[in-house]
Amino acid sequence: MGFARTCSVALVGVEGVVVEVQADLEPGVAAFTLVGLPDKSLTESRDRVRAAVVNSGAEWPQKKLTVGLSPASVPKSGSGFDLAVAAAVLGAAERIDPRVLADIVMIGELGLDGRVRPVRGILPAVLAAAEAGYEQVVVPECAAAEASLVPGVSVLGVRSLRQLIAILADEPVPEEEPDQEGRPDPLLAGLRMPGTGAATGMRGMGATHHDHGHDLADVVGQEPARTAVEIAAAGGHHLFLEGPPGAGKTMLAERLPAVLPKLCRAESLEVTAVHSVAGLLPPGKPLIDAAPYCAPHHSATMQALVGGGPGIGRPGAVSLAHRGVLFLDETPEFSSHALDALRQPLESGHVVIARSAGVVRFPARFLMVLAANPCPCGRFSRTNDLCECPSSAIRRYQARLSGPLLDRVDLRVGVDRVTRSQLADTVVRGDTTATVADRVRAARDRAAARLADTPWRSNSEVPGRELRSRWRAAPGALEDAEHCLERGVLTARGLDRVLRVAWTVADLVGHDRPEAGDVALALQLRTGVPRGAPMVLGAPA
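Residues numbered from 1 in each chain as written. Predicted model: local features only at pLDDT ≥ 70, side-chain atom pairs only at ≥ 80, totals over all residues. Heavy atoms only, no water.

Digging into unusual backbone geometry
Geometrically, the link from S70 to P71 is a cis peptide bond, its omega value of 10° lying close to zero. With phi around 60°, D170 is a residue other than glycine that occupies positive phi space. Note that D170 resides in the loop between α7 (161–168) and β10 (202–203). Unusually for a residue other than glycine, E330 sits at a positive phi of about 50°. Within the secondary structure, E330 is located in the loop between β13 (325–328) and α13 (336–340). (Helix = DSSP H or I, 4+ residues; strand = E, 2+ residues; numbered from the N terminus.)

A short note on a negative patch on the surface
A cluster of acidic side chains, namely E479, D480, E482 and E486, defines a negative patch on the protein surface. Residue placement: E479 occurs in helix α20 (residues 479–487). Under the relative-accessibility criterion, E479 is labelled partly exposed at 46%. (Patch = residues over 30% accessible without salt bridge, like charges linked within 9 Å, V, L, I, M, F, W, Y side chains within 5 Å. Areas by Shrake-Rupley, 256 points an atom, 1.4 Å probe, with all protein chains shown as cover. Salt bridge = Lys/Arg side-chain N within 4 Å of Asp/Glu carboxyl O. Lys, Arg positive; Asp, Glu negative; His and termini not counted. Charge placed at Lys NZ, Arg CZ, Asp CG, Glu CD. Buried < 20%, exposed > 50% of the residue type's maximum accessible area, 1.4 Å probe, protein only.)

Digging into the packing of helix α8 (residues 223–235) against helix α21 (residues 492–509)
The geometry of α8 relative to α21 is characterised by a closest axis approach of 9 Å and an angle of 100° between their N-to-C directions. By the criterion of interaxial angle, the relationship of α8 to α21 is roughly perpendicular. For the pair α8 and α21, contact is made by E230, I231, A234 and G235 and by V501, T504, V505 and L508, respectively. Classifying every residue of the contact of α8 with α21 by side-chain character gives five nonpolar, two polar and one charged. (Axes fitted to C-alpha atoms, helices over the stretch in contact; angles between N-to-C directions. Parallel < 35°, antiparallel > 145°, perpendicular 65-115°, else oblique. Contact = heavy atoms within 4.5 Å. Nonpolar A, V, L, I, M, F, W, Y, C, P; charged D, E, K, R; others polar.)

A short note on α8
The terminal C-alpha atoms of α8, which comprises 13 residues, lie 18 Å apart, in line with the 18 Å expected from a rise of 1.5 Å per residue. For α8, the complete set of buried residues consists of A225, R226, T227, A228, V229, E230, I231, A232, A233, A234 and G235. Immediately downstream of α8, the backbone of G236 shows phi near 75°, a positive value. (Expected span 1.5 Å × (residues − 1).)

Re the pairing of strand β1 (residues 2–12)
Judged from the eleven bridges that link them, β1 and strand β2 (residues 15–26) form a sheet pairing that is antiparallel. Each bridged residue has a counterpart across the sheet, and for T6 the counterpart in β2 is V21. Hairpin connection, β1 to β2: the antiparallel pair is bridged by two residues, and G13 has positive phi, about 70°. (Pairing = 2+ DSSP bridges.)

Re the environment of A86
Inspection of the secondary structure assignment puts A86 in helix α3 (residues 82–92). Residue A86 is classed as buried on the basis of its relative accessible area of 0%. C-alpha of A86 to C-alpha of R48: the two residues are 38 residues apart in sequence and 9.4 Å apart in space.

As structure tokens, then:
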């Protein structure tokens with residue numbers, strides 16, 4: 001009787017569970033039994049592993065073979081167990097020393113010819129292995145850079161099962177023939193999931209900080225909206241842009257990710273783990289260090305926005321935009337159920353998806369930007385009569401955005417139609433993205449210094465009770481905001497959000513704490529009602 005064991009990782013969302021892969025050989029009729037709650041793709045590994053072992057030059061044991069995946073109570077899915085199953089079988093057959101396999105975690109899919117193919121979720125799988133105390137990991141060669149992002153783990157990248165057998169058996173490692181030059185590497189296909197890519201509206205794999213085609217200086221006029229974008233980036237506040245078509249709402253949203261600071265190491269690992277599970281990591285870019293940008297179409301379902309799907313749920317747009325920007329263009333055209341599903345992620349910063357197959361939790365702390373026309377024809381304005389929509393149609397159109405959802409939006413700005421003189425003026429231009437990004441970074445540094453000994457990193461995360469007790473505004477600065485609360489113009493949540501925005505304005509202009517002008521600007525941006533505060537930061541009142 002032969003027995004061997006090694007380890008792999010089962011992913012549930014972006015969290016991993018180390019699974020022990022055990023192989024047992026007994027005398028009897030040759031058979032291959034796989035137990036331990038495998039799904040269809042994992043059950044099919046029996047045929048893949050057998051063909052890969054034979055085509056790698058090793059002998060397949062002609063005995064009764066049982067492979068167990070422990071703990072057996074955890075559902076297991078995907079083809080990432082192939083490499084561990086093959087190694088355990090070869091260890092039980094004594095082709096490899098079983099003692100060498102016991103403390104190694106193996107992740108990868110096997111082709112019928114023995115090549116090791118990458119799978120989605122390499123980074124969260126290696127993170128789970130490191131947290132469980134394992135120090136050696138074997139992954140596909142093309143995914144070794146992603147696995148190496150985890151500190152304290154020795155990563156071995158292999159291109160074929162033949163190479164792995166030779167390394168573990170202390171034999172000369174065979175050279176694999178390279179693919180024909182100029183042809184795409186077929187092994188990289190496992191890094192991407194069908195149906196993802198440009199069609200999802202995803203951007204932000206590090207390109208936003210070097211994309212000179214999207215600069216804030218290209219936006220003509222719109223000083224109030226530009227100020228709101230800068231405040232949103234500095235404090236992580238949600239933004240609602242309302243105005244006629246062609247006024248620049250989409251241009252402003254597309255330029256917001258480049259204004260955000262680069263992600264720190266911990267944030268980069270969080271974002272990369274989500275994108276790795278979703279199959280959105282591009283080849284050659286194992287670490288995402290810039291804020292992602294996700295702009296789903298208005299026909300997106302609730303599952304597409306918050307996550308879900310058959311079996312164990314997959315990350316949705318709110319998770320793909322984690323630590324970045326979620327832009328919902330033509331917001332009133334989205335399903336009301338899909339929009340209202342955003343309320344909980346906006347408050348909690350994560351999504352919990354409960355299905356019969358299990359419960360998964362995805363991070364979802366994003367900056368939301370809503371864009372909408374004022375009416376169905378888009379020409380409604382209080383200053384002209386170009387709109388042809390009846391008042392009832394305007395009310396129905398604007399009512400598609402529920403009050404509870406808008407109550408979670410900190411900044412509401414009207415975007416005016418651009419005039420001919422503004423378009424013709426080639427001298428007066430707004431600040432560039434680099435200039436605004438420097439001011440945002442300085443404001444974030446001030447907030448980080450103030451919040452150094454707390455679990456919060458930006459003003460938008462600070463609870464209202466802390467702002468009212470620990471970090472107080474200047475005396476008398478909140479008088480107008482408190483009157484709005486008494487009159488019902490603001491809710492209690494709204495007052496807290498006004499305080500957060502006021503702190504962000506104070507950080508941008510260099511005040512030690514919010515003054516009356518900072519609170520007035522925050523209140524004006526919150527309610528959309530002019531209160532005499534200048535809409536340009538640093539401008540005299």
